[in-house]
Structures are given as structure tokens and as C-alpha cells.
Amino acid sequence: MSKLAGVRRLVLLRHGQTEWNATDRMQGQIDTELSELGRRQAKDIAQRMAGCGAIHIVSSDLKRAHDTALAVSDTVGIEVVTDPRLRETNLGEWEGLTHHEVDALAPGARVEWRMDANWAPPGGESKLAVGARALPVVNELFTERADWPGHTIILVAHGGLIAALTAAVLDLPPQNWPALGGLANTSWVQLSSHGPNLDRPGWRLDVWNAAAKVAPDVL
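Residues numbered from 1 in each chain as written. Predicted model: local features only at pLDDT ≥ 70, side-chain atom pairs only at ≥ 80, totals over all residues. Heavy atoms only, no water.

**Student:** Can you tell me about the overall build of the protein, naming the residues and giving the values?
**Tutor:** Per the secondary structure count, the protein includes seven helices and six strands. Shown N-terminal to C-terminal, the secondary structure of the protein runs as helices and strands in the order β-α-α-β-α-β-α-α-α-β-α-β-β. A globule of 219 residues ought to have a C-alpha radius of gyration of about 17 Å, and the protein, at 16 Å, matches this closely. Here the C-alpha coordinates of the protein stretch approximately 50 × 40 × 30 Å along the principal axes. (Helix = DSSP H or I, 4+ residues; strand = E, 2+ residues; numbered from the N terminus. Rg over C-alpha atoms; globule rule 2.2 N^0.38 Å.)

Next up, the structure:
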């Protein structure tokens, strides 16, 4: 992560593995814990984040993200601020089910969800809705953090949230949102803003899914 004077860098970091991740069970906003592997991943990624020039860390208030953020905090020496707007997608009736169980109940529904940013699971949120609730977090930091240019702010969150927020930050047309695929545990996204103000932020995508592997599914 190079340091460019005057450029705002935004790192979106996915949490470490949970047991539900390992068994393809859909978490959504259910507050699951990191697995033993997930805790090791959090410590490892904290070392990688140490050199990114971070000045601020904001985390989802769900445990799996917050505990990952605390590991980064211990390494970089910055307190974690939590924000519920960074929670994972509300998956409604799908929460707690495995991918296979969802496919058995509603054949083709997960494919529809992947391909249509307006589509929402029963009782849940669409990707567009997720992006709309998370984007103000970035916009507020842009206007309130005068010390951001030349430094990095880290948001620790969830795969679905990060994909939706990235698409919203880049102002992608909804039909292009499915181009952003799944993120592996403790992989990250990096965006940079070269613009002078929120009216012209000039966001660009520098890094996507910086990790050793590609996530197997949409979350």
C-alpha cells in the first residue's frame, strides 16, 4: 500500500473466518464469533495493515468484524470506533441456513441475488439498500476528517457489505454491481480518492480481494 501525498486511501477489510463461513452457513446479521483460524487470520492481517499509514479504524459492531478490528488496533495503536451501518446484509429468512438449504427451498434464488442488485432475500435487504446505508459512513469521513488526505482509513466489515459499499462509492450502475465478486476472509479492498471535495471525490479502485484465494460464493 503505497503512500501518496494528498490522496485519501480507504481500506475495506473483511473479518476473519467463522465456523459458519467454514460450513457455508449464511450469517447475515447473526452475531457469530471468529473461529480459532479466524483469530489467527486477524492477527496475521494486523501485521499487514501496520504499514498502511492508518489514522482511523471503523468497524461493524458485529463480533466477527469487531474482533478482527481489535486485532488491527492492537498492532497499529488506534482505537476502534463501531458503526452499525457497516453490518452485513440482512438476509431475512435465509439467515442461519446453508447454501444448500437455500437452494433447496428456493431454486435459482441465490443466482438471482448475485445477478440483480435490486433483488432481496425474503425479509432481507438488496445490495442497493446495503450500499445506500453504508455510503454515508464514507461520505461523513470525507467531510469530517481533515487529516485524511495522505493517509488511510480502515473499515472492517463483511463481504457482502464491502462489495455493495465499493460499488456505491464508485457510483457503478446497478447492472454492473455483480462484477464485484466474493471476498476471502481477511482479504481487503483499497480505494483512493484523488478529488478535492465530496462533489468530485475521484474515487478509483486500486485493489480488490487482496488475499491468497478467491472466495467460493457471493458473501
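**Student:** Outline the sheet that holds strand 1 (residues 8-14), listing residues and values.
**Tutor:** Reading across from one edge, 3-2-4-1-5-6 is the order of the six strands in this open sheet, with mixed pairing throughout. Of all strands in the sheet, those with a lone pairing partner are strand 3 (80-82) and strand 6 (203-210), marking the two edges. Ignoring strand direction, the axes of neighbouring strands in this sheet form an average angle of 20°. Most of the contacts of helix 6 (residues 127-144) go to strand 4 (residues 152-157), to which it runs at about 160°, and overall it touches strand 1, strand 2 (54-59), strand 4, strand 5 (188-193) and strand 6. Packing of helix 7 (residues 159-169) onto the sheet brings it into contact with strand 1, strand 4, strand 5 and strand 6, and relative to strand 1 it is tilted by some 155°. (Pairing = 2+ DSSP bridges. Axes fitted to C-alpha atoms, helices over the stretch in contact; angles between N-to-C directions. Contact = heavy atoms within 4.5 Å.)

**Student:** Go over the pairing of strand 2, please, and point to the residues and values.
**Tutor:** By the criterion of burial, strand 2 is predominantly enclosed, with five of the six residues buried. Sheet topology places strand 2 next to strand 4; five bridges connect them, and they run parallel. Each bridged residue has a counterpart across the sheet, and for S59 the counterpart in strand 4 is V156. Note that strand 2 and strand 3 share three bridges and pair parallel. Opposite S59, over in strand 3, you have T82 as the bridge partner. Running through helix 3 (residues 63-76), the crossover from strand 2 to the neighbouring parallel element strand 3 is right-handed. (Buried < 20%, exposed > 50% of the residue type's maximum accessible area, 1.4 Å probe, protein only. Right-handed = clockwise from strand over helix to strand, strands pointing away.)

**Student:** Please provide a residue-by-residue account of the nonpolar core, values included.
**Tutor:** Residues L10 and L155 are the most contacted members of the largest nonpolar core, which totals 28 residues. Of all elements in the fold, only strand 1, helix 6, strand 4, helix 7 and strand 5 reach the threshold of two or more residues within this core. Here this core takes seven residues from helix 7, the largest share from any one element. Among all residues touching L155, those that are not within four sequence positions of it are L10, V11, L12, L13, V58, L86, V138, L141 and L165. One finds V11, I57, V80 and A210 within the second-largest nonpolar core, a separate group that totals 17 residues. (Core = buried A, V, L, I, M, F, W, Y, C linked by side-chain atoms within 4.5 Å.)

**Student:** I'd like to hear about helix 6, residue by residue, with values.
**Tutor:** Taking 1.5 Å of rise per residue, the 18 residues of helix 6 would be expected to cover 26 Å, and the 26 Å separating its terminal C-alpha atoms lies within 8% of that figure. Taken together, the buried residues of helix 6 touch strand 1, strand 2, strand 4, helix 7, strand 5 and strand 6. (Expected span 1.5 Å × (residues − 1).)

**Student:** Let's hear about the environment of A106: which residues, and what values?
**Tutor:** Structurally, A106 can be placed in the loop between helix 4 (99-105) and helix 5 (109-115). Among the residues examined, A106 registers a relative accessible area of 24% and is labelled partly exposed. Placed 69 residues apart in sequence, A106 and L37 show a C-alpha to C-alpha distance of 32 Å.

**Student:** For the side chain of S35, give the residues involved together with the corresponding values.
**Tutor:** Examined against the element boundaries, S35 turns out to sit in the loop between helix 1 (19-22) and helix 2 (36-49). Among the residues examined, S35 registers a relative accessible area of 3% and is labelled buried. At a separation of 3.0 Å, a polar atom in the side chain of S35 contacts the main-chain amide nitrogen of G38. For S35, the residues in contact, after removing those within four places along its chain, are Q17, T18 and E19. (Polar contact = N/O pair within 3.5 Å; in protein donor to acceptor, adjacent residues only side chain to side chain.)

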